[in-house]
Amino acid sequence: MSNTPLKIAEKQVESAVKNRLRQEQQGILRHASITRVVSGKLEAASRKSEKKQKTKFGRSGVYVQDAQGSVAPDGYVRRSPVQELRVAPGYTKKLVLKCIAIAVLLLLAVGAAALLVKYVAI
């Protein structure tokens, strides 16, 4: 196979395209690497500041009060940012069912007592 001017130009264009593609890939990898490094440093700084804040509050016992606070389902207003409200999933539903069960049992007990009074008193 002889190298014609057309084949030589084709190889040069192909080589130029490959080089340009390789340069773009390296640029993208470099950008992603820089972004990853910066993101990691920001996360580390954030964790470090949170740890400092927790240890500072733990040693001094002084807690900053936030203005609005958080309202619990039972109406209690929690103002301490350290004290978190944790309620199990389904807690309210379980509490309502327990109250209904107690009310039904009380009605049955009162009905049984009324029947006993009625039949024993005769």
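Residues numbered from 1 in each chain as written. Predicted model: local features only at pLDDT ≥ 70, side-chain atom pairs only at ≥ 80, totals over all residues. Heavy atoms only, no water.

Digging into the overall build of the protein
Scanning the protein for helices and strands turns up two helices and two strands. The buried share of the protein, taken over its 122 residues, is 4%. Of the roughly 11300 Å² of accessible surface on the protein, a fraction of 64% belongs to carbon and sulfur atoms. (Helix = DSSP H or I, 4+ residues; strand = E, 2+ residues; numbered from the N terminus. Buried < 20%, exposed > 50% of the residue type's maximum accessible area, 1.4 Å probe, protein only. Areas by Shrake-Rupley, 256 points an atom, 1.4 Å probe, with all protein chains shown as cover.)

Some points on a nonpolar patch on the surface
Taken together, Val96, Leu97, Ile100, Val104, Leu105 and Leu108 make up a surface patch of nonpolar side chains, about 580 Å² in accessible area. With respect to the element layout, leucine 97 can be found in helix 2 (residues 91-121). (Patch = residues over 30% accessible without salt bridge, like charges linked within 9 Å, V, L, I, M, F, W, Y side chains within 5 Å. Salt bridge = Lys/Arg side-chain N within 4 Å of Asp/Glu carboxyl O.)

Quick look at the confidence of the model for the protein
Averaged over all residues, the pLDDT of the protein equals 78, while 75% of them reach at least 70. The lowest-confidence element of the protein is strand 1 (residues 70-71), averaging 71 in pLDDT; the highest-confidence one is helix 2, averaging 92. (pLDDT = per-residue confidence, 0-100.)

Quick word on the pattern of salt bridges
Counted according to the given criterion, the structure contains two salt bridges. Linking lysine 18 and glutamate 14 is a salt bridge whose minimum nitrogen-to-oxygen distance equals 3.4 Å. Of this pair, lysine 18 and glutamate 14 both sit in helix 1 (residues 5-60), four residues apart, which is roughly one turn of the helix. Overall, the relative accessible area of 47% leaves lysine 18 in the partly exposed class. Residue glutamate 14 is classed as partly exposed on the basis of its relative accessible area, which comes to 41%. Residue glutamate 24 is joined to arginine 20 by a salt bridge in which the shortest nitrogen-to-oxygen separation is 3.0 Å. With a gap of four residues between them, glutamate 24 and arginine 20 both fall in helix 1, about one helical turn apart.

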